[in-house]
Amino acid sequence: MASKVEVLCEENIVPIIEKMGYDVIEVEYAKKVDGMNLTFVIDKQGGITLDDCEKVHKVIDEKLDELNPTGDASYILNVSSAGLDRPIKNYKDFIRNKGNLVEVKLYTPLDGKKSFEGNLENFTETEVIIQVDGENKVFKRDLVANVIPVVKF
């Protein structure tokens, strides 16, 4: 369940980041080793650079000061990339990765395997479909632990 701080940021800060042309994958307000951290995980087509993170950080820093979502409690602001191999979780992730090579990991084995690799063909609320060796393989979403892009260099 999202904290009050996360909800305030999703309602007031995320739209600002999206207007800048970025997708916000996650907003997290959590205690870390160095204290409370407010983290915005961003992505865009083609990936995120350090300059992108810095640009977003500068724009939202002042807006966060005005919003004061933590009620004057101190925190560390982080803006970071989602990473190349982060799990595909939401509708935008699936759209962005359609046709790309992915790995589907299951909670329990199917045909003796818990992991399948293929091109993401389609997805619905209840299914993930990948093409494996020229054939579509359909997985029920409630049996899928995660779907991860396959990164090859």
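Here the structure is a predicted model, which means the values were calculated and not measured.

Criteria and cut-off values
Residues numbered from 1 in each chain as written. Predicted model: local features only at pLDDT ≥ 70, side-chain atom pairs only at ≥ 80, totals over all residues. Heavy atoms only, no water. Salt bridge = Lys/Arg side-chain N within 4 Å of Asp/Glu carboxyl O. Helix = DSSP H or I, 4+ residues; strand = E, 2+ residues; numbered from the N terminus. Buried < 20%, exposed > 50% of the residue type's maximum accessible area, 1.4 Å probe, protein only. Arc of directions from axis to C-beta. Contact = heavy atoms within 4.5 Å. UniProt positions renumbered as here; feature names shortened; annotations may be inferred. Pairing = 2+ DSSP bridges. Axes fitted to C-alpha atoms, helices over the stretch in contact; angles between N-to-C directions. Core = buried A, V, L, I, M, F, W, Y, C linked by side-chain atoms within 4.5 Å. Expected span 1.5 Å × (residues − 1). Bend = angle between axes of the 7 residues up to and from the residue.

1. Regarding the pattern of salt bridges
Here is step 1 of the chain: Per the counting criterion, the structure on display carries 12 salt bridges.
Here is step 2 of the chain: With a closest N to O distance of 2.2 Å, D23 and R96 form a salt bridge. Of this pair, D23 sits in strand β1 (residues 23-32) while R96 sits in helix α4 (residues 91-97); the two residues are 73 residues apart in sequence, bridging distant segments of the chain.
Here is step 3 of the chain: Ionic pairing is found between D43 and R86, a salt bridge with its closest N-O pair at 3.3 Å. Residue D43 is found in strand β2 (residues 35-43), and its partner R86 is found in the loop between β3 (76-81) and α4; the two are separated by 43 residues along the sequence. Exposure class is identical for D43 and R86. Each is buried.
Here is step 4 of the chain: Linked by salt bridges that have partners in common, E18, D23, D43, R86, K92, D93 and R96 make up one network.

2. Quick word on unusual backbone geometry
Here is step 1 of the chain: Its identity as a non-glycine residue notwithstanding, D72 has a phi of 75°, on the positive side.
Here is step 2 of the chain: Look at D72 and you get exposed, because its relative accessible area is 68%.

3. Re helix α1 (residues 4-12)
Here is step 1 of the chain: Along α1, the residues that are buried comprise V5, E6 and C9. Down the axis of α1, the smallest arc covering the buried residues is 100°, so these residues share one side. Those residues of α1 that are exposed and aimed more than 90 degrees away from the buried face are K4 and E11.
Here is step 2 of the chain: Tucked inside the fold, the buried residues of α1 contact α2 (14-19), β1, β2 and α3 (50-67).

4. Brief notes about the UniProt feature "domain: Ribosome maturation factor RimP N-terminal" (unreviewed entry) in the chain
Here is step 1 of the chain: Per the UniProt record, the feature "domain: Ribosome maturation factor RimP N-terminal" (unreviewed entry) sits at residues 13-85.
Here is step 2 of the chain: Its end C-alpha atoms 25 Å apart, residues 13-85 is made of 33% helix and 34% strand.

5. What to know about the sheet that holds strand β8 (residues 144-149)
Within a sheet, neighbouring strands are paired by backbone hydrogen bonds and run either parallel or antiparallel to one another.
Here is step 1 of the chain: One open sheet holds the 5 strands; their spatial order is β7-β6-β5-β4-β8, and the pairing between them is antiparallel. Bordering the open sheet on either side are β7 (135-140) and β8, each of which pairs with just one other strand. Direction aside, the axes of adjacent strands within the sheet are offset by 45° on average.
Here is step 2 of the chain: Direction of pairing for strand β6 (residues 127-132) relative to β7: antiparallel, over a ladder of 6 bridges.

6. Digging into the nonpolar core
Here is step 1 of the chain: Residues C9, I17, L38, F40, I42, I60 and L64 are the most contacted members of the largest nonpolar core, which totals 19 residues.
Here is step 2 of the chain: For this core, the secondary structure elements donating two or more residues are α1, α2, β1, β2, α3 and β3.
Here is step 3 of the chain: By residue number, the principal contributor to this core is α3, which donates 4 residues.
Here is step 4 of the chain: One finds V102, V128, V144 and V147 within the second-largest nonpolar core, a separate group that totals 14 residues.

7. Focus: α3
Here is step 1 of the chain: Here α3 contains 18 residues, and its C-alpha end-to-end distance of 25 Å stays within 8% of the 26 Å for a straight helix at 1.5 Å per residue.
Here is step 2 of the chain: The sharpest bend along α3 comes to roughly 30°, located at I60.
Here is step 3 of the chain: Of all the positions in α3, only D52, C53, V56, I60 and L64 are classed as buried.
Here is step 4 of the chain: Phi for N68, located one or two positions after α3, is positive at around 50°.

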